[in-house]
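Each chain is listed here by its residues.
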Amino acid sequence: MNASRLRAARTSVVGGLAVGGVLLLAGPAFAHVTVNPGTAEKGGYSTVSIKVPNEKDNASTVKVEVDLDPKHPLTSVMPQAVPGWDVKVEKTKLDKPLQMHGKTINEAVSKVTWSGGKIEPGQFQQFPLSVGQLPTDTDELVFKALQTYSDDDVVRWIDPSKPGGQEPEHPAPVLKLVAKGGATGGQGDDHHDDKGSSSEAAASDKGGDSSDTTARVLGVAGIVVGVAGVVFAVVAGRRRTAA
């Protein structure tokens, strides 16, 4: 094989591995702390889950803290029990009391913390919350989250996402609020009903798994493309040598 053919073969190998590597690295882009489902109806109640993946190979997630939007306080935030985890709900006095069902609400939940459990490397955990009454004067609720690992590293999922802009490294989880009838799942009615919270959380698990499945498919596709590039380069080199 002469020098030009050798360079061509090497280029094919490098190109195939590069494409495979890009696709393989596409998986971690989905591994953010998120709210599932991502939409809910304005003015209603909804069961959502804070989905927390472990992005480290050598440490476990041992604590998750979620701060609720102080500009849009919720009169009801009820966490569902998660086996192996302790939950703490903190409330803050409101500067302006809210009226709800004929009652005056002077405080609202401002923070929810889960601790005592572990999310091992390569795993994720859902933390369900029943929330409401959702505001009608905004199109989104931001759930800023802090993820603490067993090596004392703290990842702050608090960066704002700008429409049309590049996604920040650690975007804050966001619940999009839509007009009645526009949400895709996890909805309650105008009355607070937690009987369906378990089934709604299960539905949320399925919805949240879709992004992980996509990441795995892309990763496998990257490996296949990379291997195909190597095989093509070897075969092409042999054919040129034989010629």
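Computed from a prediction, not measured in an experiment: that's the story for all the values here. (Residues numbered from 1 in each chain as written. Predicted model: local features only at pLDDT ≥ 70, side-chain atom pairs only at ≥ 80, totals over all residues. Heavy atoms only, no water.)

Chemist: Account for the environment of Phe124, with residues named and values stated.
Modeler: With respect to the helices and strands, the residue Phe124 is situated in strand β8 (residues 124-132). On the accessibility criterion, Phe124 (29% relative accessible area) is partly exposed. (Helix = DSSP H or I, 4+ residues; strand = E, 2+ residues; numbered from the N terminus. Buried < 20%, exposed > 50% of the residue type's maximum accessible area, 1.4 Å probe, protein only.)

Chemist: Tell me what's going on with the pairing of β8, and back it up with residues and numbers.
Modeler: Where burial is concerned, most of β8 is hidden: seven out of the nine residues are buried. As defined by bridge partners, strand β3 (residues 46-53) adjoins β8 across eight bridges and the pair is classed as antiparallel. Bridging across to β8, Val52 finds its partner in Gln125. Of the pairings in the sheet, the one linking strand β5 (residues 76-79) to β8 comprises four bridges and is antiparallel in character. By the bridge assignment for β8, Val77 is matched with Val131. (Pairing = 2+ DSSP bridges.)

Chemist: Any chance you could break down the side chain of His72 for me, citing the residues and the numbers?
Modeler: In this structure, His72 sits in the loop between β4 (61-67) and β5. In this structure His72 comes out as buried when scored by relative accessible area, which is 16%. Within the local environment of His72, its side chain forms a polar contact with the side chain of Asp137, the two groups lying 3.4 Å apart. Not counting residues within four places of it along the chain, the set of residues in contact with His72 comprises Pro135, Asp137, Thr138 and Leu141. (Polar contact = N/O pair within 3.5 Å; in protein donor to acceptor, adjacent residues only side chain to side chain. Contact = heavy atoms within 4.5 Å.)

Structural measurements only, silent on function.
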